[in-house]
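Chain residues, written in single-letter form:
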Amino acid sequence: MVIADYLGLCILLSMATVTSITMLVLANKFGPSHPSKQKLMAYESGSNPIGNPQEQRFSVKFYMIAISFILFDLETVFVIPWALTWNQNKAMGHGTYSFFVMFIFVAILTIGLVYEWKQGGLEWE
């Protein structure tokens, strides 16, 4: 491993960092600042916040759906690169192995989805 191999990446990261910090400093120094009660109020998806957030309770089903969303987002993160490298795996002789590994991964997630569905975790009232 040679440091010269990573020189482009280091330059890119340093330029991005310097640009970001410069933009934040300039915006903070020269940008208009007219705070008001309305502007400093919390914004909740277009509706005014009602009540104390510590006292408000959410349904467990909300969390079940949120976790399912994250889980299947992660599935996409793993399945898309696997699909894009499928021809390379097949050419190297790992096609069958690669297929069964991904099949097991998707099967486990499918079993979890079916379980959640049977428990009523996807029903929204």
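Refer to the preceding data block for the structure.
The sections below set out a description of the structure shown in this document. (Residues numbered from 1 in each chain as written. Predicted model: local features only at pLDDT ≥ 70, side-chain atom pairs only at ≥ 80, totals over all residues. Heavy atoms only, no water.)

This part covers the overall build of the protein. From N to C terminus, the protein includes five helices and zero strands. Along the protein, helices (α) and strands (β) appear in the sequence α-α-α-α-α when read from the amino end. By residue count, 8% of the 125 residues in the protein fall in the buried class. Restricting to contacts in the protein with at least 6 residues of sequence separation, those with at least 24 account for 58%. Approximately 11400 Å² of the protein is accessible, and the part contributed by carbon and sulfur atoms is 69%. (Helix = DSSP H or I, 4+ residues; strand = E, 2+ residues; numbered from the N terminus. Buried < 20%, exposed > 50% of the residue type's maximum accessible area, 1.4 Å probe, protein only. Contact = heavy atoms within 4.5 Å. Areas by Shrake-Rupley, 256 points an atom, 1.4 Å probe, with all protein chains shown as cover.)

When you line up the elements, Ser98 lands in helix H5 (residues 95-119). A polar atom in the side chain of Ser98 sits 2.6 Å from the side chain of Trp82. The contacts of Ser98, once residues within four sequence positions are left out, are Trp82, Trp86 and Asn89. (Polar contact = N/O pair within 3.5 Å; in protein donor to acceptor, adjacent residues only side chain to side chain.)

Turning to H5, a few remarks are in order. With 25 residues, H5 extends 36 Å from end C-alpha to end C-alpha; this agrees with the ideal 36 Å at 1.5 Å per step. Residues of H5 that are buried: Gly95, Ser98, Met102, Leu109 and Glu116. Lining the buried residues of H5 we find helix H3 (60-84) and helix H4 (86-91). (Expected span 1.5 Å × (residues − 1).)

Let us look at the packing of aromatic side chains. The description of two aromatic rings rests on the distance between their centres and on the angle between their planes. Enumeration over the complete set of coordinates arrives at five aromatic pairs. Seen from their ring centres, Phe78 and Phe105 are 5.8 Å apart, and the 80 degrees between their planes marks the pair as edge-to-face. Residue Phe78 is found in helix H3, and its partner Phe105 is found in helix H5; the two are separated by 27 residues along the sequence. For Phe78, a relative accessible area of 49% translates into the label partly exposed. A residue is classified by how much of its surface remains accessible, and Phe105, at 28% relative accessible area, is partly exposed. The interplanar angle of 75 degrees and the centroid separation of 5.5 Å between the aromatic rings of Phe99 and Phe100 together place this pair among those described as edge-to-face. For Phe99, a relative accessible area of 39% puts it in the partly exposed group. (Phe/Tyr/Trp six-rings, centres within 6.5 Å; stacked < 30°, edge-to-face > 60°.)

Quick look at the packing of H3 against H5 now. Between two packed helices, what matters for the description is the angle formed by their axes and the separation of those axes. Packing of H3 against H5 brings their axes to within 12 Å, and their N-to-C directions diverge by 165 degrees. It follows that H3 is roughly antiparallel to H5 by the angle criterion. The handedness of the crossing between H3 and H5 is left-handed. Residue-level contacts link Met64, Ile65, Ser68, Leu71, Phe72, Glu75, Phe78, Val79 and Trp82 of H3 to Ser98, Phe99, Met102, Phe105, Val106, Leu109, Leu113 and Glu116 of H5. (Axes fitted to C-alpha atoms, helices over the stretch in contact; angles between N-to-C directions. Parallel < 35°, antiparallel > 145°, perpendicular 65-115°, else oblique. Left-handed = near helix turned anticlockwise from the far one by under 90°.)

So, to be careful, I would describe these as geometric facts and stop short of saying anything about function.
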